[in-house]
Amino acid sequence: MLSVYGRKPASVVVEPVAKAFLRIGLTPNMTTLIGTAAAVAASVVLIPLGHLIPAALVCIFFAAFDMVDGTMARLRGGGTAYGATLDASCDRITDGALFGAIVMWMVYVDGAASLNVAVALAVLVLSQVISYIKARGEAGGLRIVGGLIERAERLIVAVVGLILEGAGVPYALEGALWLLLVGSAITVVQRLRLAANDEDAAKTIAAPAGT
């Protein structure tokens, strides 16, 4: 939802940052890679060590690069097919690192119940599926915009859970993961319905050459 309604208000902050990055010589692709590397490092190093609040703050800061690189591309006159592919791929890496690190913390530090660990793993998988439905649908000419839990909402809920858990609120992270599980499952259904109801849904396409 935030991808639909939140970008315009955020542009007040994002656009000046994007212009500053361009002035110092950064490219959109460089910004994407820097943000991804920092977010992944924060997740896989800080979360398993139990530094949940610092990890959450670093992750949310560098997640903002996801808007900055796109704005930089727009200011330069438009993005490229490779840049869009790189950005989407790096988003999947970042999400996988975040929820993978959360699973590690739950197993090796928190001693969480098996059911809650399974929920975290399900959220990890569903986060990839949500994005894949959009990417694959749009590759076939379908328009798939929106959904209850998109990447921005997913990161916000996970980060809030990490912060509250790090502050000593019991079961805050588990609660956030259960919320994401339900919301993500709903979003998968929403996006599949959007794909099925698109006016081009029944269009014949060439068989894929392979994966």
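- Going by what an unreviewed UniProt entry lists, the protein is known as Phosphatidylinositol phosphate synthase and is assigned to Corynebacterium timonense.
- UniProt, in the comment section headed Subcellular location (unreviewed entry), describes the protein in these words: "Cell membrane".
- Its UniProt record, at the heading Subunit (unreviewed entry), says of the protein: "Homodimer."

1. Here we look at the overall build of the protein
Inference 1: Secondary structure summary: the protein contains nine helices and zero strands in total.
Inference 2: Starting at the N terminus, the α and β elements of the protein follow one another as α-α-α-α-α-α-α-α-α.
Inference 3: Expressed along its principal axes, the backbone C-alpha trace of the protein runs to roughly 50 × 45 × 35 Å.
Inference 4: Relative to its full complement of 211 residues, the protein shows a buried share of 39%.
Inference 5: Long-range contacts, defined as pairs at least 24 residues apart, comprise 80% of the intrachain contacts of the protein with a sequence gap of at least 6.
Inference 6: Of the roughly 11200 Å² that the protein leaves accessible, carbon and sulfur atoms contribute 69%.
Inference 7: Taking the average place of the 15 positive charges on the side chains of the protein and the average place of its 15 negative ones, the gap between the two points comes to 8 Å.

2. Some points on the packing of aromatic side chains
Inference 1: Counted by the stated rule, this structure contains one aromatic pair.
Inference 2: Relative to Phe62, the ring of Phe61 lies with its centre 4.9 Å away and its plane at 90 degrees, an arrangement referred to as edge-to-face.

3. A word on the side chain of Ser184
Inference 1: In this fold, Ser184 is placed in helix 9 (residues 172-197).
Inference 2: Each residue touching Ser184, except ones within four places of it in the same chain, is listed here: Leu126, Ile130 and Ile149.

4. Some points on the nonpolar core
For soluble globular proteins, nonpolar side chains are generally found buried alongside one another.
Inference 1: In terms of nonpolar packing, the biggest core is built from 37 residues, with Ile47, Leu98, Phe99, Ile102, Met106, Leu162 and Leu177 touching the most fellow members.
Inference 2: Other than its neighbours up to four places away in sequence, Met106 contacts Gly111, Ala112, Asn116, Val117, Ala120, Glu174 and Leu177.
Inference 3: Judged by nonpolar contacts, the second largest core, of seven residues, contains Val14, Ala18, Phe21 and Val68.

5. What about the UniProt feature "binding site: Mg(2+) 2" (unreviewed entry) in the protein?
Inference 1: UniProt's feature table lists "binding site: Mg(2+) 2" (unreviewed entry) at Asp66, Asp87 and Asp91, given in the numbering used throughout. Of the residues just listed, which span 26 residues, no C-alpha pair is farther apart than 7.9 Å, and they cluster in one region.
Inference 2: Following the sequence through the fold, Asp66 ends up in helix 5 (residues 65-75).
Inference 3: Among residues more than four places away in sequence, those in contact with Asp66 are Asp87, Asp91 and Arg151.
Inference 4: Tracing the backbone shows Asp91 in helix 6 (residues 81-110).
Inference 5: Assessed through its relative accessible area of 10%, Asp91 is described here as buried.
Inference 6: Those residues within four positions of Asp91 in sequence are excluded, and the remaining contacts are Asp66 and Arg151.

6. Some remarks on a nonpolar patch on the surface
Inference 1: A surface patch of nonpolar side chains, amounting to about 480 Å² of accessible area, comprises Ile60, Phe61, Ile156, Val160, Leu164 and Val169.
Inference 2: Counting residues per element, the ones that place at least two in the nonpolar patch are helix 4 (52-63) and helix 8 (151-166).
Inference 3: When residues of the nonpolar patch are assigned to their parent elements, the largest contribution, three residues, is made by helix 8.
Inference 4: Tracing the backbone through its elements, the reader meets Leu164 in helix 8.
Inference 5: Residue class for Leu164 comes out partly exposed when judged on its relative accessible area of 38%.

7. Regarding the UniProt feature "binding site: Mg(2+) 1" (unreviewed entry) in the protein
Inference 1: The sites that UniProt annotates as "binding site: Mg(2+) 1" (unreviewed entry) are Asp66, Asp69 and Asp87. For the residues just named, distributed over 22 residues, the greatest C-alpha separation is only 8.4 Å, placing them together at one site.
Inference 2: Excluding its chain neighbours within four sequence positions, the residues that come into contact with Asp69 are Pro28, Thr31, Thr32 and Asp87.

8. Concerning the pattern of salt bridges
Inference 1: Here the structure, examined in full by the defined rule, presents eight salt bridges.
Inference 2: Between Lys134 and Glu138 there is a salt bridge, and its shortest N-O distance comes to 2.9 Å. Of the two residues, Lys134 and Glu138 are both situated in helix 7 (residues 114-139); the distance of four residues between them amounts to about one turn of the helix.
Inference 3: Judged by relative accessible area, Glu138 falls into the partly exposed class, the value being 38%.
Inference 4: Several salt bridges converge on common partners, so that one network encompasses Asp91, Arg92, Asp95, Arg151 and Arg154.

Reading the values: rules and limits
Residues numbered from 1 in each chain as written. Predicted model: local features only at pLDDT ≥ 70, side-chain atom pairs only at ≥ 80, totals over all residues. Heavy atoms only, no water. UniProt positions renumbered as here; feature names shortened; annotations may be inferred. Helix = DSSP H or I, 4+ residues; strand = E, 2+ residues; numbered from the N terminus. Buried < 20%, exposed > 50% of the residue type's maximum accessible area, 1.4 Å probe, protein only. Contact = heavy atoms within 4.5 Å. Areas by Shrake-Rupley, 256 points an atom, 1.4 Å probe, with all protein chains shown as cover. Lys, Arg positive; Asp, Glu negative; His and termini not counted. Charge placed at Lys NZ, Arg CZ, Asp CG, Glu CD. Phe/Tyr/Trp six-rings, centres within 6.5 Å; stacked < 30°, edge-to-face > 60°. Core = buried A, V, L, I, M, F, W, Y, C linked by side-chain atoms within 4.5 Å. Patch = residues over 30% accessible without salt bridge, like charges linked within 9 Å, V, L, I, M, F, W, Y side chains within 5 Å. Salt bridge = Lys/Arg side-chain N within 4 Å of Asp/Glu carboxyl O.

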